[in-house]
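Understanding the architecture of this molecule
So you can see what is in the structure, the chains are spelled out below.
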Amino acid sequence: MSDAPGASLWHSTLPAEAKGTRPALGGDVVADVAIAGGGYTGLWTAYALKRADPGLRVVVCERETVGFGASGRNGGWCSALFAGSRDATERSHGRDAVVAMQRAMFATLDEIERVVREEAIECDWARGGTIQVATLPSHLTRLHEELEDHRSWGFGEDDFRELTPHESSDVIGCRPNLGGLFTPHCAAIHPAKLVRGLGRVVERLGVTIYEQTPVQSIEAGRLRTPHGTVRAEAVVRATEAFSTELPGLRRVVAPVYSLMIATEPLPDSFWAEARLDTRPTFADFRHMIVYGQRTADGRFAFGGRGTPYHAGSRVRPQFDRDPRIFDMLHATLRALFPALGDAAITHRWGGAVAVPRDWYPSVGFDRADGIAWAGGYVGDGVSTTNLAGRTIADLILGRDSDLVRLPWVGHRSPRWEPEPLRWLGVNGSRKLVESIDRAEARGRDPKRRARVVKRLLG
Ligand SMILES: Cc1cc2nc3c(=O)[nH]c(=O)nc-3n(C[C@H](O)[C@H](O)[C@H](O)COP(=O)(O)OP(=O)(O)OC[C@H]3O[C@@H](n4cnc5c(N)ncnc54)[C@H](O)[C@@H]3O)c2cc1C
């Protein structure tokens with residue numbers, strides 16, 4: 001369909017044995033569980049099912065190749081971030097549910113680390129945490145608000161701590177550096193190596209993966225594809241932003257693009273100043289999210305949002321590229337690290353994240369029709385997908401675990417408005433967020449606009 005992910009740093013630095021394609025489905029088959037989508041959600045689900053019950057027949061149908069979607073192209077932050085708002089969780093499920101959800105996310109990071117080690121998945125795993133750095137005085141206000149929020153839920157210094165400008169500069173040598181918020185709960189990874197490695201692991205466990213196999217519809221008891229039907233008692237939708245292309249799901253999420261650039265490998269003399277010695281992932285406190293990591297081969301991989309939403313929730317390869325955003329990312333990275341100078345940008349790529357109407361991810365299984373789903377992770381799916389996979393496995397197998405009682409289980413986000421309201425809403429909020437960042441950079445304090453954005457984001 002497209003060579004879109006081929007433009008990414010991650011796909012172009014995959015080892016030869018991790019490339020290649022698998023055969024398509026060659027006729028009707030029968031399984032116990034059939035999964036649409038070969039990204040992290042689909043594969044972690046397959047993994048959890050086979051680990052729980054090795055006898056299960058699990059089939060994955062992937063329209064392109066494993067890791068074609070966001071799982072092969074992301075920023076490589078394997079974090080404990082859960083996109084759903086804590087206040088919304090408290091309103092619907094109470095205070096303990098907020099804490100349980102966050103603790104489950106912390107534990108998910110440990111679980112992924114365990115699997116990566118035990119299954120020997122080479123994915124450049126480095127558990128260096130995350131530093132969020134204040135580069136403007138207004139960022140310091142936000143840093144303190146976030147820290148206060150963490151403390152109000154009982155998360156202490158071991159989970160989130162403030163760094164003085166001096167301490168922060170020891171972690172990240174950016175300019176200016178007014179202080180930071182550090183959490184140890186994040187690993188930097190090579191995302192395509194993780195998803196391809198996971199594909200090989202589940203195959204070793206006996207899962208069958210069909211590539212070049214587009215699912216045309218997900219129905220009770222079957223996945224229909226042009227090459228045949230997979231019949232199964234339980235079927236799983238793991239198609240994230242691409243879900244909008246499936247019948248009846250156009251308004252289930254809004255695909256919003258996140259774009260990335262990567263530099264050439266930078267010399268040790270550069271890193272002596274820029275630091276990031278243990279490869280913590282990094283961001284600042286602007287509203288329009290930017291995110292970065294120092295890769296295992298000494299580059300920056302740096303991304304951000306801000307690309308316009310495309311009417312009709314369309315997902316197209318050409319939307320992965322936007323020169324204006326690539327230039328903005330380059331300028332932002334150079335402003336943070338002036339010593340970057342003329343270092344070459346070797347890769348530019350992007351992909352869609354799936355945003356539910358209430359910005360709240362969900363996972364569930366409807367026992368009546370046998371259809372399970374997970375997604376709407378916004379931009380925080382690298383680790384949440386693992387929690388989703390284990391949760392779907394427990395739901396399908398009827399296990400009464402702590403996971404199935406977490407607040408996102410069974411959550412149903414409202415549908416997005418029909419067009420053109422959807423286009424107006426998503427792009428209007430984007431513009432508002434951009435204008436707040438611009439005003440703050442000019443030393444203003446656009447409190448009212450910031451409150452509107454906060455309300456919009458739940
Ligand atoms: C540029 C970018 C940066 C990001 N950075 C981060 C980050 O640093 N940290 C983080 O936590 N999250 C990040 N994310 C989000 C994260 O990557 C996703 O939330 C996560 O990968 C979702 O995994 P998934 O398996 O649900 O979806 P996907 O990886 O998108 O997988 C869905 C799969 O389904 C396949 N498919 C689609 N339609 C069909 C069909 N009809 N039939 C069969 N198969 C189909 C697709 O080809 C695809 O392989 C980022 C996303 C992007 C785009």
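Anyway, here's the lowdown on the structure attached to this text. (Residues numbered from 1 in each chain as written. Predicted model: local features only at pLDDT ≥ 70, side-chain atom pairs only at ≥ 80, totals over all residues. Heavy atoms only, no water.)

**Quick look at the overall build of the protein**
Test applied: Secondary structure elements follow DSSP: runs of H or I no shorter than four residues count as helices, runs of E no shorter than two count as strands, and numbering proceeds from the N terminus. Our radius of gyration looks at C-alpha atoms and nothing else; its globule reference is 2.2 Å times the residue count to the power 0.38. Summary of the burial criterion: residues with accessible area below 20% of their type's maximum are buried, those above 50% are exposed, and those between are partly exposed, where the area comes from a 1.4 Å probe applied to protein chains only.
Check the secondary structure of the protein and you find 12 helices and 18 strands. The C-alpha atoms of the protein give 21 Å as radius of gyration, which agrees with the globular expectation for 458 residues (23 Å, within 12%). Counting only C-alpha atoms, the protein reaches 60 × 50 × 45 Å along its principal axes. Within the protein, the fraction of its 458 residues that count as buried is 59%.

**Some thoughts on the packing of aromatic side chains**
For any pair of aromatic rings, the description consists of the separation of the ring centres together with the inter-plane angle of the planes. Going by this rule: Stacked, tilted and edge-to-face pairs are distinguished by plane angle, under 30 degrees for stacked and over 60 for edge-to-face with tilted covering the rest, among Phe, Tyr and Trp rings (Trp via its six-membered ring) whose centres lie within 6.5 Å. Definition used: whenever NZ (Lys) or CZ (Arg) falls within 6 Å of the ring centre and also within 35 degrees of the ring normal, the charge is taken to sit over that ring.
This model, assessed by the stated rule, comprises 17 aromatic pairs. Measuring from ring centre to ring centre gives 5.5 Å for Phe 82 and Tyr 360, while their planes differ by 80°; the resulting arrangement is edge-to-face. Here Tyr 360 lies in the loop between strand 16 (345-355) and strand 17 (362-366) and Phe 82 lies in the loop between strand 3 (77-79) and helix 3 (86-93), a separation of 278 residues in the sequence. Take Phe 82 and Tyr 360: they sit in the same class, and that class is buried. Plain terms: the ring middles of Phe 106 and Phe 155 are 5.8 Å apart, the flat faces sit at 80° to each other, and that makes the pair edge-to-face. Placement of Phe 106 in helix 4 (residues 95-118) and of Phe 155 in the loop between helix 5 (137-152) and strand 5 (161-163) is noted, with a sequence separation of 49 residues between them. By way of ring pairs, the aromatic residues Phe 270, Trp 271, Phe 282, Phe 300, Phe 302 and Phe 337 are connected into one cluster. Just above the ring of Phe 68 sits the side chain of Arg 73; from NZ or CZ to the centre is 4.9 Å. Here the basic side chain of Arg 357 rests over the ring of Trp 416, its NZ or CZ set 5.1 Å away from the ring centre.

**Quick word on the layout of surface pockets**
This is how it is decided: Two kinds of site are reported from a 1 Å grid over the protein atoms alone, namely cavities, where a 1.4 Å probe fits but cannot get out, and pockets, open sets with protein on both sides within 12 Å along at least five of seven lines, and residues are called lining when an atom falls within 4 Å of a point. Grid points are joined across faces, edges and corners, and a volume is the space filled by probe spheres set on the points. Gly is put with the polar residues, along with every residue not named as nonpolar or charged; the nonpolar set is Ala, Val, Leu, Ile, Met, Phe, Trp, Tyr, Cys and Pro, and the charged set is Asp, Glu, Lys and Arg.
In this structure, the second largest pocket encloses a volume near 480 Å³. If you go around the second largest pocket, you meet 23 residues; those closest to its centre are Arg 286, Met 328, Thr 332, Asp 437 and Arg 438. Breaking the lining of the second largest pocket down by element, the ones donating at least two residues are helix 5, helix 9 (323-336) and helix 11 (421-441). Ranked by residue count, the leading element in the lining of the second largest pocket is helix 9, at 6 residues. Of the residues contributing to the lining of the second largest pocket, the split by class is 10 nonpolar, 4 polar and 9 charged.

**Describing the pattern of salt bridges**
Note the cut-off: Put simply, a salt bridge is a Lys or Arg side-chain nitrogen that is within 4 Å of an Asp or Glu carboxyl oxygen.
Inspection of every chain in the model, using the stated rule, returns 29 salt bridges. In this structure, Glu 118 and Arg 114 form a salt bridge, with 2.8 Å as the shortest nitrogen-oxygen distance. Separated by 4 residues within a single helix, Glu 118 and Arg 114 lie in helix 4, roughly one turn from each other. Of the charged contacts in the structure, one is a salt bridge between Glu 219 and Arg 224, with a shortest N-O distance of 2.9 Å. Take Glu 219: its relative accessible area is 22%, and that puts it in the partly exposed class. The exposure class of Arg 224 is partly exposed, given its relative accessible area of 34%. Residues joined in a network through salt bridges with shared partners are Arg 63, Glu 64, Glu 245 and Arg 316.

**Things to note about the nonpolar core**
Where we set the bar: Buried Ala, Val, Leu, Ile, Met, Phe, Trp, Tyr and Cys residues form a nonpolar core when they are joined through side-chain atoms within 4.5 Å. Contacts are residue-level and defined by heavy atoms, with any inter-residue pair within 4.5 Å sufficient.
Counting residues in hydrophobic clusters, the biggest one holds 66 residues, and the most contacted among them are Ile 35, Cys 78, Trp 125, Ile 189, Leu 387, Leu 406 and Trp 408. When residues of this core are assigned to their parent elements, the largest contribution, 9 residues, is made by helix 4. Not counting residues within four places of it along the chain, the set of residues in contact with Leu 387 comprises Met 101, Ala 104, Met 105, Thr 108, Leu 403, Leu 406 and Trp 408. Listed in part, the 51 residues of the second largest apolar core include Tyr 257, Phe 300, Phe 302 and Leu 329.

**Some details on the pairing of strand 2 (residues 58-61)**
Just so we agree on the cut-off: The pairing criterion is simple: DSSP has to find at least two bridges between the two strands.
Here strand 2 shows two buried faces, one formed by Val 58 and Val 60 and the other by Val 59 and Cys 61. Two elements, strand 1 (residues 29-36) and strand 2, share 4 bridges in a ladder whose sense is parallel. By the bridge assignment, Ala 36 is partnered in strand 2 with Cys 61. Of the strand pairs in this sheet, strand 2 and strand 8 (residues 208-210) are connected by 3 bridges, and their pairing is parallel. Along strand 8, the bridge assignment pairs Val 60 with Ile 209.

**Here we look at the site of the ligand**
The condition is simple: One heavy atom within 4 Å of a molecule or strand is enough for the residue carrying it to be called near that molecule or strand. Here a polar contact means two N or O atoms within 3.5 Å. Within protein one must be a hydrogen donor candidate and the other an acceptor candidate, and residues neighboring in sequence count only if both atoms are side-chain atoms. Areas reported here follow the Shrake-Rupley algorithm with a probe of radius 1.4 Å; residue values treat only the protein chains shown as occluding.
For the ligand, the set of nearby residues contains 38 residues, the closest of which are Thr 41, Glu 62, Ser 71, Val 215 and Gly 379. Contacts to the ligand include Glu 62, whose side-chain N or O atom sits 2.6 Å from an oxygen atom. Here a nitrogen atom of the ligand sits 2.9 Å away from a polar atom, N or O, in the main chain of Gly 75. Notes on the ligand: free accessible area 1000 Å², of which the protein chains cover 98%. Every element with two or more residues in the shell around the ligand is listed here: helix 2 (40-52), strand 12 (254-263) and strand 16. If one sorts the elements of the shell around the ligand by residue count, strand 16 sits on top with 3 residues.

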